[in-house]
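Survey of secondary and tertiary structure
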Amino acid sequence: MISSLARIFGVTMAPHQRSPRSASLKDLAMIRNQLMRCIADCTSQTAQRLRSKIDQARSAQELWMLRNDAFQLISQQHNQSIAAERINALIQCFEGWLEPKQLVLIK
C-alpha cells in the first residue's frame with residue numbers, strides 16, 4: 001500500500017544517491033599523473049601500451065578501469081604485494097569522481 005501511495009504522489013522509495021561529479025581536465029591530469037607514477041619503473045612494451053591508454057582516457061571512470069592493467073604490470077615487474085600497495089594508494093585520487101562502492105582496496 002505504501003508503494004502504491006508513493007507512486008500516486010510521485011515519491012520514490014529508494015534512497016537518493018548523489019551522482020559523482022565529473023572530473024575537470026585538471027583533475028584528470030592529476031589522476032593520470034598518479035597512475036603514471038605508479039608504473040614509472042615498468043619499462044616493458046606492455047607498460048608503453050598502458051601509458052598510451054592512460055593518456056587517451058577521457059574520464060575518471062576510464063582511468064579507474066586501467067587500474068587492473070597497472071596491477072598486472074606491476075605484479076609482473078615486482079610482486080603482487082607491491083602492486084596492491086601502489087594501486088591502493090590511488091584510491092584517494094578517485095574519491096569524489098566515482099561511486100564510493102567502487103573504491104575498494106585490493107587485498
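Report follows, based on the coordinates. (Residues numbered from 1 in each chain as written. Predicted model: local features only at pLDDT ≥ 70, side-chain atom pairs only at ≥ 80, totals over all residues. Heavy atoms only, no water.)

A word on the packing of helix α2 (residues 25-38) against helix α3 (residues 45-56)
Direction vectors running N to C along α2 and α3 enclose 170 degrees, while the axes themselves pass 10 Å from each other. Classified by the angle their axes make, α2 and α3 are roughly antiparallel. Packed against α2, whose contacting residues are R32, L35 and M36, the element α3 presents R51, I54 and D55 at the interface. The residue inventory of the contact of α2 with α3, partitioned by class, reads three nonpolar, no polar and three charged. (Axes fitted to C-alpha atoms, helices over the stretch in contact; angles between N-to-C directions. Helix = DSSP H or I, 4+ residues; strand = E, 2+ residues; numbered from the N terminus. Parallel < 35°, antiparallel > 145°, perpendicular 65-115°, else oblique. Contact = heavy atoms within 4.5 Å. Nonpolar A, V, L, I, M, F, W, Y, C, P; charged D, E, K, R; others polar.)

A closer look at the nonpolar core
Judged by nonpolar contacts, the single largest core of 29 residues is most densely connected at L35, I39, I54, L63 and F94. Broken down by secondary-structure element, the contributors of at least two residues to this core are α2, α3, α4 (60-65), α5 (67-77), α6 (80-89) and α7 (91-94). For this core, the element with the most residues is α2, which contributes five residues. Excluding residues within four positions of it along the chain, L63 makes contact with L28, I31, R32, L35, I54, A57 and F94. (Core = buried A, V, L, I, M, F, W, Y, C linked by side-chain atoms within 4.5 Å. Buried < 20%, exposed > 50% of the residue type's maximum accessible area, 1.4 Å probe, protein only.)

Thoughts on the side chain of N88
The residue N88 is located in helix α6 in this model. The residues touching N88, leaving out its near neighbours within four places in the chain, are L105 and I106.

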